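Examination of the molecular architecture
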Amino acid sequence: MADENNGKNGKVGLVDRVKDDIQAMKVDIPAKAKEQIEGLKDPTKTQVYTSIFRHKHDDTPRNRALGVLSNVFLHLHPAKINRDAVRYSYTWGMGGITFFLFIILTYTGVLLMFYYHPSKVQAFRDVLYLEHDVPFGKILRNMHRWAAHLMVIGVWLHMFRVFLTGSYKKPREFNWNIGVLLLVFTLLLSFTGYLLPDDQLGFWAVTVGTNMARATPLLGHEGPFGSMLGMTPYNDVRFGLLGGSIVDANALLRSYIWHCIGIPIVASILMIVHFWRVRKDGGISGPAPVMLEAEADKQRRGPKAAGE
Amino acid sequence: MDWRQLWEICSAPDNVPIVGLIPLLCFYIYLAWKQAHANDQLIAQLEGDAALAKTHHRKTWPFKPGWQKEVHVWPFLLRIEFLAAIIVTIILMVWSITLNAPLEEPANPNLTMNPAKAPWYFLGLQEMLVYFDPWIAGVVMPTMIIVGLMVIPYIDTNPLGSGYYTWKQRKFSIGTFLFGFIILWVAMIIIGTFIRGPGWQWFWPGQTWDHNRLIYEVNRDLPDIFGITSNMAKALFGAIVVGGYYLLGGFLVYSLFRRYMAKDFKRMSLLQFSITQFLLLTMVALPLKMGLRLLWHIKYVWITPWFNV
């Protein structure tokens, strides 16, 4: 419009230009606002939305599959599984619950680390402070403790189910081994955390636990052939665990570092391998069709047939 | 009957997981047994009816030809996972609100806790300390448990029972695992938690923990019973007894396998069979040694200047 006016008069004053812009604005802005509102009625068409979600959300088989496959957290799952594989009576869901508890433990553990110093002077006071002064500190510590116990139980039940369904058999032998290592690391995670409140309970539990290490054959000073190999309380495997000959400041620091950094990293790496192998070995083991005695020595079913 | 004592033990915060573990285990064993029983019945039916075996879908759950064999993970699996996460969170929240994590007095090396107990999941190992020296109970046995668990897939040559619950097709492996897990691991934890009191002495549930109780037990060593006195003879004698246990036990395992598990034995290589034999005998050695101690007060079987068994 402004251009047309320019063409007619050749010369236009500042006031006219402003008037003209105001006129145009009265039309443009409501039009754009209307457009905006129309657009908001279907947010899935906005650029922000489509940049995040790469597929539509209509309930079609394709979108159901894409919902899993295009999500970094969910793509651990296949798009489809055997109709019976979702039966709780078969799976018990203990592996997933254990992993969920690990996430809770990481979350509460990081929060606890903000309030805790791994030193003899402060450790116990920090726990008292956490219990009585930190907002929600008590429930934070309780959740961490009980989730740890639940995780131990979850791992045992998961292993029990895997054994009872013979799921360690070919082709899943290796993954069973990773699982056994994860069991060990779960117990070690729990055990290293036991000392951290620096109270009588943790102190004596860890004393009892690490006293066994001095009886290690060859490597402990009280173990068979230990003293012959020059083992003393100051150089044997127990000394290495505690960073000293008694459970003291170094032991507290060591157990803190193993508990918060060392073992979680190793366990996380093993978990990645464990989950990845579940998929690579053909998904969850069953419920598989039952096999008859006569078929036992015939060609074994491959991972595909036994799994998904 | 000291109910307060019983309540104190059962309600100690760190013992609550074990109190919870017992019904959980019962429930899951029941769940597994129910399915194993149903599968075994189906297997028996199919074994007897070759025509049905060819057409049957081989599961105890219903299936009709028109039905889809697979379902989408979204929503059919993810909703279960989501529900499980919510339920676990709720349980954990309620538990954390109602029960406080234990916190004793500050660590004091001069004041020994009596009883000084390991965390509950290691109490089975601590209970083993009664019957074995620490190098066996605390180091060798745990290592054997871990190694033993890891070799299971490589020594179990039975191809049946992969991916479904069954008892009749895997009696030996399931029986052994139940024995190891329920009797030797969980039951020992329960003993360590609920039965062992001050001085690691045996207190029946409901019996008052008496910190001054002393038990005068005269433990003997096996060589003493046979009147062996010299160190050399004791070491030799023990070596013969332990060696003899593994040799005779090994022969017994062989003859039982050959007779009652002929098919599995045929599938096993010599290495697989010897590892199975060794692990089995080592596992059985634990209750045997417990029996020796409890029935005949025998402490050591094999005495040498360097180690005792």
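On to the overall build of chain B. A count of helices and strands for chain B gives twelve helices and one strand. Rg of the C-alpha trace for chain B: 25 Å, well past the compact-globule value of 19 Å for 309 residues, more than 25% over. Here the C-alpha coordinates of chain B stretch approximately 75 × 55 × 35 Å along the principal axes. Per-residue burial for chain B yields a buried fraction of 46% across its 309 residues. Long-range contacts, defined as pairs at least 24 residues apart, comprise 68% of the intrachain contacts of chain B with a sequence gap of at least 6. Placing the 24 positive and 18 negative side-chain charges of chain B at their respective mean positions leaves the two points 13 Å apart.

If you tally the helices and strands in chain A, you get 13 helices and one strand. Helices and strands in chain A line up, N terminus first, as α-α-α-α-β-α-α-α-α-α-α-α-α-α. Here the C-alpha atoms of chain A give a radius of gyration of 32 Å, more than 25% beyond the 19 Å that 2.2 N^0.38 yields for 308 residues. Counting only C-alpha atoms, chain A reaches 110 × 70 × 35 Å along its principal axes. Looking at chain A as a whole, 45% of its 308 residues qualify as buried. Considering only contacts in chain A between residues 6 or more positions apart, those separated by 24 or more positions represent 59%. With an accessible surface of roughly 16700 Å², chain A has 65% of that area assigned to carbon and sulfur atoms. With 35 positive and 26 negative side-chain charges, chain A shows a spacing of 5 Å between the two charge centroids.

For the rest of this paragraph, the subject is the domain arrangement of chain A. Assigned domains within chain A: domain 1 (13-75) and domain 2 (90-195 + 247-285 + 301-306). In this structure, domain 1 of chain A and domain 2 of chain A have C-alpha centres spaced 44 Å apart.

Let us look at the packing of aromatic side chains. Enumeration according to the criterion identifies 38 aromatic pairs over all chains in this entry. Taken together, a centroid distance of 6.4 Å and an interplanar angle of 90° make the contact between Trp156(A) and Phe181(B) edge-to-face. Taken as a pair, Trp156(A) in helix H8 (residues 137-164) and Phe181(B) in helix H8 (residues 171-195) lie in two separate chains rather than in one. With centroids separated by 6.1 Å and ring planes inclined at 25°, the aromatic side chains of Phe225(A) and Trp306(B) adopt a geometry described as stacked. Residue Phe225(A) is found in the loop between helix H10 (200-211) and helix H11 (237-242), and its partner Trp306(B) is found in the segment after helix H12 (270-296); the two belong to separate chains. Against the face of Tyr194(A) rests Arg145(A), its NZ or CZ located 4.9 Å from the ring centre. Seen from the ring of Phe203(B), Arg213(B) lies directly overhead, with NZ or CZ sitting 4.0 Å from the centre.

Chain B puts 104 residues into the contact, and the matching count from chain A is 96 residues. Roughly 9600 Å² is buried in total at the junction of chain B and chain A, and carbon and sulfur atoms are behind 71% of that figure. In this assembly, chain B and chain A are joined by five salt bridges. Here Lys59(B) makes a salt bridge to Asp84(A), at a shortest N to O gap of 3.1 Å. At the boundary of chain B with chain A, the tally comes to 50 residue pairs in polar contact (both at pLDDT 80 or more). If you list the elements that add at least two residues to the side of chain B that touches chain A, you get helix H2 (16-48), strand S1 (70-72), helix H4 (73-76), helix H5 (78-98), helix H6 (123-128), helix H7 (134-155), H8 and helix H11 (262-267) of chain B. With 14 residues, H2(B) is the largest single contributor of residues to the side of chain B that touches chain A. Split into classes, the residues belonging to the side of chain B that touches chain A amount to 70 nonpolar, 20 polar and 14 charged.

Take the side chain of Asn142(A) next. Along the polypeptide, Asn142(A) turns up in helix H8. Taking relative accessible area as the criterion, Asn142(A) reaches 1% and is therefore assigned buried. Within the local environment of Asn142(A), its side chain forms a polar contact with the backbone oxygen of Ser96(B), the two atoms lying 2.8 Å apart. Here the side chain of Asn142(A) touches Ala101(B) through a polar contact of 2.8 Å, landing on its backbone nitrogen. Among all residues touching Asn142(A), those that are not within four sequence positions of it are Ser96(B), Leu99(B), Asn100(B) and Ala101(B).

Before going further, it helps to spend a moment on the packing of helix H6 (residues 94-113) of chain A against helix H12 (residues 249-280) of chain A. Residues and elements named next belong to chain A. For the pair H6 and H12, interaxial distance at closest approach is 12 Å and the crossing angle is 155°. On the basis of the axis angle, H6 is roughly antiparallel to H12. Judged by the twist between their axes, the crossing of H6 over H12 is left-handed. Residues Phe99, Phe102 and Met113 of H6 form the contact with H12, whose participating residues are Tyr256, Cys260, Pro264, Ser268, Met271 and Phe275. When grouped by side-chain class, the residues that make up the contact of H6 with H12 number eight nonpolar, one polar and no charged.

Residues and elements named next belong to chain B. You can see Asp40 is positioned in helix H2. The buried charged residue Asp40 lacks any salt bridge partner; its closest oppositely charged side chain belongs to Lys168, at an N-O distance of 5.4 Å. Asp40 has contacts with Thr166, Trp167 and Lys168, leaving out every residue within four places of it along the chain.

This part covers unusual backbone geometry. Here the bond from Lys170(A) into Pro171(A) is cis, since omega is 5°, no more than 30 degrees from zero. With respect to the helices and strands, Pro171(A) occurs in the loop between H8 and helix H9 (173-194). The omega torsion across Asn114(B) and Pro115(B) is 0°, close enough to zero to call that bond cis. For Trp92(A), which is not a glycine, the phi torsion comes out positive at approximately 65°. If you trace the backbone, Trp92(A) turns up in the loop between helix H5 (88-91) and H6. Positive phi is not limited to glycine here, since Asp198(A) has a value of about 60°. Mapped onto the elements, Asp198(A) comes out in the loop between H9 and H10.

Across chain B, the average pLDDT comes to 92, with 100% of residues at or above 70. The weakest mean pLDDT in chain B belongs to helix H3 (residues 50-55) of chain B at 88; the strongest belongs to H5(B) at 96.

Here we take up H6(A). Over its 20 residues, H6(A) extends 28 Å from the first C-alpha to the last, a length consistent with the 28 Å expected when each residue adds 1.5 Å. Within the sequence span of H6(A), burial applies to Met94(A), Ile97(A), Thr98(A), Leu101(A), Phe102(A), Ile104(A), Leu105(A), Thr108(A), Gly109(A) and Leu112(A).

Residue and element names in this part refer to chain B. Its place among the elements puts Thr276 in helix H12. In sequence terms Thr276 and Ile303 are 27 residues apart; their C-alpha atoms lie 27 Å from each other. In contact with Thr276, other than residues within four places in its own chain, are Ile155, Phe257 and Met268.

Calculation rules
- Residues numbered from 1 in each chain as written.
- Chains lettered and ligands numbered in written order.
- Predicted model: local features only at pLDDT ≥ 70, side-chain atom pairs only at ≥ 80, totals over all residues.
- Heavy atoms only, no water.
- Helix = DSSP H or I, 4+ residues; strand = E, 2+ residues; numbered from the N terminus.
- Rg over C-alpha atoms; globule rule 2.2 N^0.38 Å.
- Buried < 20%, exposed > 50% of the residue type's maximum accessible area, 1.4 Å probe, protein only.
- Contact = heavy atoms within 4.5 Å.
- Lys, Arg positive; Asp, Glu negative; His and termini not counted.
- Charge placed at Lys NZ, Arg CZ, Asp CG, Glu CD.
- Areas by Shrake-Rupley, 256 points an atom, 1.4 Å probe, with all protein chains shown as cover.
- Domains from an automatic or database assignment.
- Phe/Tyr/Trp six-rings, centres within 6.5 Å; stacked < 30°, edge-to-face > 60°.
- Lys NZ or Arg CZ within 6 Å of the ring centre and 35° of its normal.
- Buried area = accessible area lost by both parts, 1.4 Å probe.
- Salt bridge = Lys/Arg side-chain N within 4 Å of Asp/Glu carboxyl O.
- Polar contact = N/O pair within 3.5 Å; in protein donor to acceptor, adjacent residues only side chain to side chain.
- Nonpolar A, V, L, I, M, F, W, Y, C, P; charged D, E, K, R; others polar.
- Axes fitted to C-alpha atoms, helices over the stretch in contact; angles between N-to-C directions.
- Parallel < 35°, antiparallel > 145°, perpendicular 65-115°, else oblique.
- Left-handed = near helix turned anticlockwise from the far one by under 90°.
- pLDDT = per-residue confidence, 0-100.
- Expected span 1.5 Å × (residues − 1).

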